[in-house]
Amino acid sequence: MQIGSQANGELNFIDAVSLMSFFIGLQNLDLNVTQEDAQRLERKTNESTERIITEIQSHLEEQDRKIDRILKWMEEHTDDHK
């Protein structure tokens, strides 16, 4: 009993499917991401996200201080004109 190529050297259906699968795998090789690559990408994404969130929080705190100063200035100057 022979699996794969027949005795006369012709390819059978399983051989053809195996070859197609192999070549498709080669074509997609650069698209495959290993688990380590995925974890590294996730770490980088998390670091970037944390940095962006910190920058946004800092900017919002600065805007809050500016708004507070503007409101205080408005209160002081509207009281003078009453």
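Note: the structure precedes this text.
Computed from a prediction, not measured in an experiment: that's the story for all the values here. (Residues numbered from 1 in each chain as written. Predicted model: local features only at pLDDT ≥ 70, side-chain atom pairs only at ≥ 80, totals over all residues. Heavy atoms only, no water.)

**Q** Got a minute to help me understand the overall build of the chain in this structure?
**A** Secondary structure summary: the chain contains 2 helices and 0 strands in total. Looking at the chain as a whole, 2% of its 82 residues qualify as buried. Approximately 7,900 Å² of the chain is accessible, and the part contributed by carbon and sulfur atoms is 58%. (Helix = DSSP H or I, 4+ residues; strand = E, 2+ residues; numbered from the N terminus. Buried < 20%, exposed > 50% of the residue type's maximum accessible area, 1.4 Å probe, protein only. Areas by Shrake-Rupley, 256 points an atom, 1.4 Å probe, with all protein chains shown as cover.)

**Q** Please clarify how the pattern of salt bridges should be interpreted in this entry.
**A** Working definition: two side chains of opposite charge can pair if their charged atoms are close together. Enumeration over the complete set of coordinates arrives at 4 salt bridges. Between R40 and E36 there is a salt bridge; the shortest N-O distance is 3.5 Å. A residue pair is termed a helical-turn pair when its members lie 3 or 4 positions apart in one helix, as R40 and E36 do in helix α2 (residues 35-80) at 4 residues. A relative accessible area of 52% means that E36 is categorised as exposed. With a closest N to O distance of 2.7 Å, D37 and R40 form a salt bridge. Highlighted residues: D37 and R40, both in helix α2, separated by 3 residues, approximately one helical turn. (Salt bridge = Lys/Arg side-chain N within 4 Å of Asp/Glu carboxyl O.)

**Q** Sorry, what's going on with the packing of aromatic side chains here?
**A** Considering all chains together, one arrives at 1 aromatic pair under this definition. Taking 5.4 Å as the distance between ring centres and 70° as the angle between the ring planes, the aromatic pair formed by F22 and F23 counts as edge-to-face. Accessibility expressed as a relative area gives 48% for F22, which makes it partly exposed. Look at F23 and you get partly exposed, because its relative accessible area is 49%. (Phe/Tyr/Trp six-rings, centres within 6.5 Å; stacked < 30°, edge-to-face > 60°.)

**Q** What's the story with helix α1 (residues 13-27) in this structure? I'm lost.
**A** Spacing of three or four residues puts side chains on the same side of an α-helix, whose turn is 3.6 residues. Its 15 residues place the ends of α1 21 Å apart at the C-alpha level, agreeing with the 21 Å of an ideal helix rising 1.5 Å per residue. The N-capping residue of α1, defined by a side-chain oxygen 3.1 Å from the backbone nitrogen of I14, is N12. (Expected span 1.5 Å × (residues − 1). Polar contact = N/O pair within 3.5 Å; in protein donor to acceptor, adjacent residues only side chain to side chain.)

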